[in-house]
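These are the residues of each chain, in order.
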Amino acid sequence: MMDDLLGPLRGPETLAPGAIFLPGVAISRQERMMVEIRQIIASAPLRRLSTPGGRRFSVEMTNCGNLGWLSDASGYRYESRDPVTGALWPSIPGGWITFAEEMAARAGYAAFRPQACLINRYAAGARMGLHQDRDETALNNPIVSVSLGVGAYFLFGGAKRDTPVRKLRLLSGDVVVWGGRSRLFYHGVAPLPADEHPLTGVYRWNLTFRRVTVPDRP
Ligand SMILES: O=C(O)CCC(=O)C(=O)O
Ligand SMILES: [Mn+2]
């Protein structure tokens, strides 16, 4: 309820050099996006990955795109096939690509062409500890993040793990883009509150669009 009341007061905001918050910009697409997410997870099921240290993520994940992010005992990496099914990851829906590129361009990254989209699903209590997205070679490209469903607190820090974090409330349809000088900034998600959203029930979904390789493959 408070989210609805606060809605009109929220506007685009620079979070750090190279990082921008674009509240509400995916609202008109969010229902369609959820339909497409359901199609993707029908062929690339959600799963709880293990960290290289053997702990399981509380967030359930899958991927679409030419490459998908994976984590297991042998480390973090991108692969073109889903190890659960042996198949290539499903394609990124065309509308998502256009949208992610448009959001990147709005943040000043006009050349962004995503290869991977990591799909995260958070249930109550699921969280993502402070980390850097650094398994990509193409660090000149930004990360484009879209939030759907239950609201969460995004923690956005700085270049060092102990840089103080900003707690940013992310609601359904919000986008954050970080690149350039903030591309390797630490970030995470606070434990999801037990809440409900008409679009997603008890869940929060997050899509992160990534360029993995320097532009030498599709
Ligand atoms: O769920 C989010 O808002 C952020 C997810 C994230 O940082 C990641 O998947 O690397
Ligand atoms: Mn991340």
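Residues numbered from 1 in each chain as written. Chains lettered and ligands numbered in written order. Predicted model: local features only at pLDDT ≥ 70, side-chain atom pairs only at ≥ 80, totals over all residues. Heavy atoms only, no water.

Visitor: Can you lay out the layout of surface pockets for me, pointing to particular residues and giving the numbers?
Guide: As a volume, the largest pocket reaches approximately 760 Å³. Lining the largest pocket we find 33 residues, and of these Phe 57, Tyr 76, Met 128, Gly 129 and His 131 sit closest to its centre. Where the lining of the largest pocket is concerned, the elements lending two or more residues are strand E6 (116–122), strand E7 (128–131), strand E8 (143–149), strand E12 (187–189) and strand E13 (204–210). Here the residues of the lining of the largest pocket sort into 13 nonpolar, 10 polar and 10 charged. (1 Å grid on protein atoms, 1.4 Å probe; cavity = no way out; pocket = protein on both sides within 12 Å on 5 of 7 lines; lining within 4 Å. Points joined across faces, edges and corners; volume = space filled by probe spheres on them. Helix = DSSP H or I, 4+ residues; strand = E, 2+ residues; numbered from the N terminus. Nonpolar A, V, L, I, M, F, W, Y, C, P; charged D, E, K, R; others polar.)

Visitor: So what's going on with the site of ligand 1? Which residues, and what values?
Guide: Around ligand 1, a shell composed of 13 residues is seen, among which Asn 120, Tyr 122, His 187, Arg 204 and Arg 210 lie nearest. For ligand 1, an oxygen atom lies 3.2 Å from a polar atom in the side chain of Asn 206. Its atoms largely coinciding with the cavity grid, ligand 1 occupies the largest pocket. Broken down by secondary-structure element, the contributors of at least two residues to the shell around ligand 1 are E6, E7, E12 and E13. For the shell around ligand 1, the element with the highest residue contribution is E13, accounting for 4 residues. Partitioning the shell around ligand 1 into residue classes produces 5 nonpolar, 5 polar and 3 charged. (Near = heavy atom within 4 Å. Polar contact = N/O pair within 3.5 Å; in protein donor to acceptor, adjacent residues only side chain to side chain. Sits in = over half its atoms within 2 Å of the grid points.)

Visitor: Could you give an account of the coordination of the manganese ion (ligand 2), naming the residues involved and the relevant values?
Guide: Angles at a metal have ideal values that depend on geometry: 109.5 degrees with four tetrahedral donors, 90 or 180 degrees with six octahedral donors. Every protein donor of the manganese ion (ligand 2) is listed here as His 131 (NE2), Asp 133 (OD), Asp 133 (OD) and His 187 (NE2), and their distances to the metal cover 2.1 to 2.8 Å. Taken together, the 6 donor atoms coordinating the manganese ion (ligand 2) span angles of 50 to 170° at the metal, a pattern that classifies the geometry as irregular. His 187 sits in the buried class, given a relative accessible area of 4%. (Donors = N, O, S within 2.8 Å, 3.2 Å for Na, K, Ca; no water. Tetrahedral: all angles 85-135°; square planar, octahedral: opposite > 155°, others 65-115°. Buried < 20%, exposed > 50% of the residue type's maximum accessible area, 1.4 Å probe, protein only.)

Visitor: Tell me about the side chain of Ser 145, residues and numbers included.
Guide: Here Ser 145 shows up in strand E8. In terms of polar contacts, Ser 145 uses its side chain to reach the side chain of Asn 206, at 2.9 Å. Here Ser 145 is in contact with Asp 174, Val 175, Val 176, Trp 178, Asn 206, Leu 207 and Thr 208, once residues within four sequence places are set aside. (Contact = heavy atoms within 4.5 Å.)

Visitor: Account for the packing of aromatic side chains, naming residues and giving values.
Guide: The full count for this structure, using the stated rule, is 7 aromatic pairs. Both rings, one in Phe 154 and one in Phe 156, keep their centres 6.0 Å apart while their planes meet at 25°; by these two values the pair is stacked. A relative accessible area of 5% places Phe 154 in the buried class. The buried category is assigned to Phe 156, whose relative accessible area is 4%. Judged by centre distance (6.1 Å) and plane angle (65°), the rings of Phe 156 and Trp 178 are edge-to-face. Note that Phe 156 is positioned in strand E9 (residues 152–156) and Trp 178 in strand E11 (residues 175–178), a separation of 22 residues in sequence. This pair shows no difference in class: Phe 156 is buried, exactly as Trp 178 is. (Phe/Tyr/Trp six-rings, centres within 6.5 Å; stacked < 30°, edge-to-face > 60°.)

Visitor: A description of helix H3 (residues 94–106) should follow, citing residues and the corresponding values.
Guide: With 13 residues, H3 ought to run about 18 Å at 1.5 Å a step, and its terminal C-alpha atoms sit 19 Å apart, in line with that. For H3, the complete set of buried residues consists of Trp 96, Phe 99, Ala 100, Met 103 and Ala 104. Down the axis of H3, the smallest arc covering the buried residues is 135°, so these residues share one side. (Expected span 1.5 Å × (residues − 1). Arc of directions from axis to C-beta.)

Visitor: Go over the sheet that holds strand E1 (residues 13–16) with me, naming the residues and quoting the values.
Guide: In space, the 7 strands of this open sheet follow the order E1-E2-E11-E8-E13-E6-E3, with antiparallel pairing throughout. For this open sheet the edge positions go to E1 and strand E3 (60–65), each flanked by a neighbour on one side alone. Between one strand axis and the next, the sheet turns by 20° as a mean value, whatever way the strands run. In this sheet, E6 lies alongside E3 in antiparallel orientation, the contact comprising 6 bridges. Note that in E6 the partner of Thr 62 across the bridge is Ile 119. Sheet strands in contact with helix H2 (residues 30–43) are E3, E6, E8 and E13, and its direction is about 80° off that of E13. (Pairing = 2+ DSSP bridges. Axes fitted to C-alpha atoms, helices over the stretch in contact; angles between N-to-C directions.)

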